[in-house]
Amino acid sequence: MLTWTLWCGLVFLLWFYFLWSRRRFYLFTLKVPGPLGYPLLGMAHWLSRREDILNSFAVFLEKHGPVIFSWLGPIPFMIVSDPQVIQDIFTSPHCINKGIIYKAVDDGAGTGLFSLNDPHWSIHRKLLNPAFGHKVLLSFLPIFNRETALLMDQLKPLEDDGEKDLIPLLQCFTLSVATQTTMGSDAKSEENFRSNSLLERYQCALNTMADMCFSPWLNSRFIRQLVGKESEYYQAKTEIRQFIKKLIQKKMVADAQESSLPPIQAHDKNIFLNLATDLLRRGVFNWKNVEDESNIIVFGAFETTANTVYYTLMLLAMFPEYQEKAFEEIRSLFPDTGDFEVTYNDVQQMVYLDLILNESMRVVPPVPVVSRQTSQELKLSNGIVIPQGVQIAIDMFHMHRSKKIWGPEAETFNPDHFLPHNIQDKHPYAFIPFTKGIRNCIGWRYALISAKVTLAKLLRNYRFRTSFPFEDLYFVEDITLKLKVVPLIELQKRI
Ligand code: HEM
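- Labelled according to an unreviewed UniProt entry, the chain appears under the name Probable cytochrome P450 313a4, originating from Drosophila kikkawai.
- Database annotation for the chain, UniProt heading Cofactor (unreviewed entry): "heme".
- Taken verbatim from the UniProt record of the chain, the Function (unreviewed entry) comment is "May be involved in the metabolism of insect hormones and in the breakdown of synthetic insecticides."

1. Description of the sheet that holds strand β2 (residues 75-80)
Argument step 1. Taken together, four strands build an open sheet; the order of strands is β1-β2-β6-β3 and the sheet is mixed. What marks the edges here is a single partner per strand, and that holds for β1 (67-72) and β3 (369-373). Neighbour-to-neighbour, the strand axes of this sheet turn through a mean angle of 25 degrees, independent of strand direction.
Argument step 2. Both β2 and strand β6 (residues 391-395) contribute to a ladder of four bridges, which runs parallel. Bridged to methionine 78 within β6 is isoleucine 392.
Argument step 3. Most of the contacts of helix α2 (residues 50-64) go to β1, to which it runs at about 125 degrees, and overall it touches β1, β2, β3 and β6.
Argument step 4. With respect to the sheet, helix α3 (residues 83-90) is in contact with β1, β2, β3 and β6, its orientation differing from that of β6 by roughly 130 degrees.

2. Brief notes about the nonpolar core
Argument step 1. Grouped together as the largest cluster of nonpolar side chains are 156 residues, with contacts concentrated most on Ile89, Tyr202, Ile394 and Phe464.
Argument step 2. With sequence-adjacent residues up to four places away left out, tyrosine 202 is seen in contact with Leu175, Ile240, Phe243, Ile244, Asn295, Val298, Phe299 and Phe302.

3. Some points on the pattern of salt bridges
Argument step 1. Enumeration over the complete set of coordinates arrives at 28 salt bridges.
Argument step 2. A salt bridge links glutamate 147 to lysine 188, with the shortest nitrogen-to-oxygen separation between them at 2.7 Å. With glutamate 147 in helix α7 (residues 141-155) and lysine 188 in the loop between α8 (167-183) and α9 (191-194), this residue pair connects regions lying 41 residues apart in the sequence.
Argument step 3. A salt bridge links lysine 482 to glutamate 303; the nearest nitrogen and oxygen atoms lie 3.3 Å apart. Of the two residues, lysine 482 sits in strand β9 (residues 482-483) while glutamate 303 sits in helix α15 (residues 287-318), which places them 179 residues apart along the sequence.
Argument step 4. Judged by relative accessible area, glutamate 303 falls into the buried class, the value being 3%.
Argument step 5. Because the salt bridges share partners, they merge into one network encompassing Arg50, Asp211, Lys229, Glu303, Asp478 and Lys482.

4. A look at the side chain of arginine 439
Argument step 1. Examined against the element boundaries, arginine 439 turns out to sit in the loop between α21 (420-423) and α22 (444-461).
Argument step 2. Engagement of the side chain of arginine 439 in a polar contact is seen with the backbone oxygen of leucine 116, the distance being 2.9 Å.

5. Concerning the site of the ligand
Argument step 1. Close to the ligand lie 26 residues, the nearest being Tyr102, Trp121, Arg125, Arg372 and Cys441.
Argument step 2. Here leucine 113 contributes a backbone N or O atom positioned 3.1 Å from an oxygen atom of the ligand.
Argument step 3. Here the shell around the ligand gets five residues from one element, more than from any other, and that element is α15.
Argument step 4. When grouped by side-chain class, the residues that make up the shell around the ligand number 16 nonpolar, six polar and four charged.

6. What to know about the UniProt feature "binding site: heme" (unreviewed entry) in the chain
Argument step 1. UniProt's entry tags Cys441 with the feature "binding site: heme" (unreviewed entry), counted in the numbering of this structure.
Argument step 2. Relative to the assigned elements, cysteine 441 resides in the loop between α21 and α22.
Argument step 3. Apart from the residues lying within four places of it in its own chain, the contact partners of cysteine 441 are Arg125, Phe434 and Thr435.

Parameters at a glance
- Along each chain, residue indices are assigned from 1 in the same order as the chain's sequence is written.
- Whole-chain, interface and lining totals are the exception, using all residues; otherwise, since this is a predicted model, local features are given only for residues with pLDDT of at least 70 and side-chain atom pairs are given and counted only at 80 or more.
- By convention in this description, side-chain values take in all heavy atoms of the structure and omit both hydrogens and water.
- UniProt positions are given in the numbering used here, feature names are shortened, and annotations may be inferred rather than shown by experiment.
- We call two strands paired when DSSP finds no fewer than two bridges between them.
- Only DSSP runs of H or I with at least four residues qualify as helices, and only runs of E with at least two residues qualify as strands; both kinds are numbered from the N terminus onward.
- To define axes, lines are fitted to C-alpha atoms, for helices over the stretch in contact only, and angles between the resulting N-to-C directions are given on a 0 to 180 degree scale.
- Contact criterion: two residues are considered in contact whenever any of their non-hydrogen atoms come within 4.5 Å of each other.
- We define the nonpolar core as a collection of buried residues of types Ala, Val, Leu, Ile, Met, Phe, Trp, Tyr and Cys that are connected through side-chain atoms lying within 4.5 Å of one another.
- Residue burial is assigned from relative accessible area. The probe radius is 1.4 Å, only protein chains are included, and a residue is buried under 20% of its type maximum, exposed over 50%, and partly exposed in between.
- When a carboxyl oxygen of Asp or Glu is within 4 Å of a side-chain nitrogen of Lys or Arg, the pair counts as a salt bridge.
- A 3.5 Å cut-off defines polar contacts: any pair of N or O atoms within that distance qualifies, except that in protein one atom must be a possible hydrogen donor and the other a possible acceptor, and neighbouring residues in sequence count only when both atoms are side-chain atoms.
- Only a single heavy atom is needed: when it lies within 4 Å of a molecule or strand, its residue is near that molecule or strand.
- Residues are grouped as follows: Ala, Val, Leu, Ile, Met, Phe, Trp, Tyr, Cys and Pro are nonpolar; Asp, Glu, Lys and Arg are charged; all remaining types, including Gly, are polar.

Printed below as a string of structure tokens:
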């Protein structure tokens, strides 16, 4: 027994020495400040509670500055919120691969554009880029318009009826829009969509994936079973897969019976699923590629856009003076309430709404932190060399709220931040809600057009109010940003 204990102690000391000497080596050569954390753990314990992650990042930022080096257990780890360093990272061919935390996305949603490593990622991205070209996006306008009109029908019973949680309605709406625009079929025709069970499954899958990102031991199925997280998660991802498979099969059957194709599919080979199934027929994609990419596109599209619309309405409810300005702009284009058609020309004319959307995504970035890893040594423009194999968290949340970059009002909502004379001197990577560079969001233009159509119709027809103060918002890091308490919103009918 004594020998066994001595051996264990020796192994532990060697491991401890190895880590600390590597730590000192890295810190010495990198010349980047940061918390050493605890032996073996590094800073991992600070990041295991999702609720505390953004606060921990804020503390490190305050103490060590916008480029921080530390350890997650044995893994070298950086947190970056400096725009120039972020530009160096996002434009480097050695930083295309996502960080290891995205392993959870592979498990829950499949290995698609979001988490593929290079060179597979570059190949898929080139093949799928046409699905987000300008003409394709224009062809979605009738869907954005029609679905927003249906959303307004659903909002009718909530008019002047006190404060309500709008997120579930908005998520149903964006899920239906996402399936129609990318998969060519309407999720509303599925029973589990109508009964809300599909949305619950999506929430469960997203929630467990976020747990797995920040508590890596949950990537083990065995441990998920032990802590009781596996069965519901398994059911959720299976039901979502079946839903996606069904939409793909529907499309394949419709292709076989050409005459029954809805017009949007028949006319555009670049609609996402048309493109993917064509690649399948030509042997470029296999069936798993089509399924994974479809799953990822729908995952990527619906929650982010629902949250963006919700956060914007919430902020406008908290800052009524800006809501009135947006309303005046929209009313000048659409004098009457009720339903109206928003064209691309209208979308371009709503310039104040652009300021509002940008400011909303600045103070409440829908994706607060993204992660990359260096596949080779990377030399930054400040001369620092990041070794291969370092995990990098890009902290958009704090960069967007940095007083050094955005001035004294950085932490509050003021669309004037995006007036031309205020934005012109900002670093081009100081505002990156969709990231930028080689691996930015493929759906960024889709998101902006769809959000503007939705907001135009909602803001023309309703005044949004809330009793929840901006100062009480508590942000929680997730794959997408969450709020600890979701403010409820009241809709007052406009005339
Ligand atoms: C306001 C809405 C949206 C926001 C804020 C947003 C944000 C982002 C961000 C920050 C990334 C980079 C993630 C990373 O580097 O880890 C990303 C990637 C991605 N987004 Fe979006 N997104 C939005 C809407 C959409 C839409 C509408 C779609 C599809 C229709 C979409 C599909 C994707 C995909 C597929 C990726 C992975 C791209 C790649 O790695 O090549 N997103 N998004």
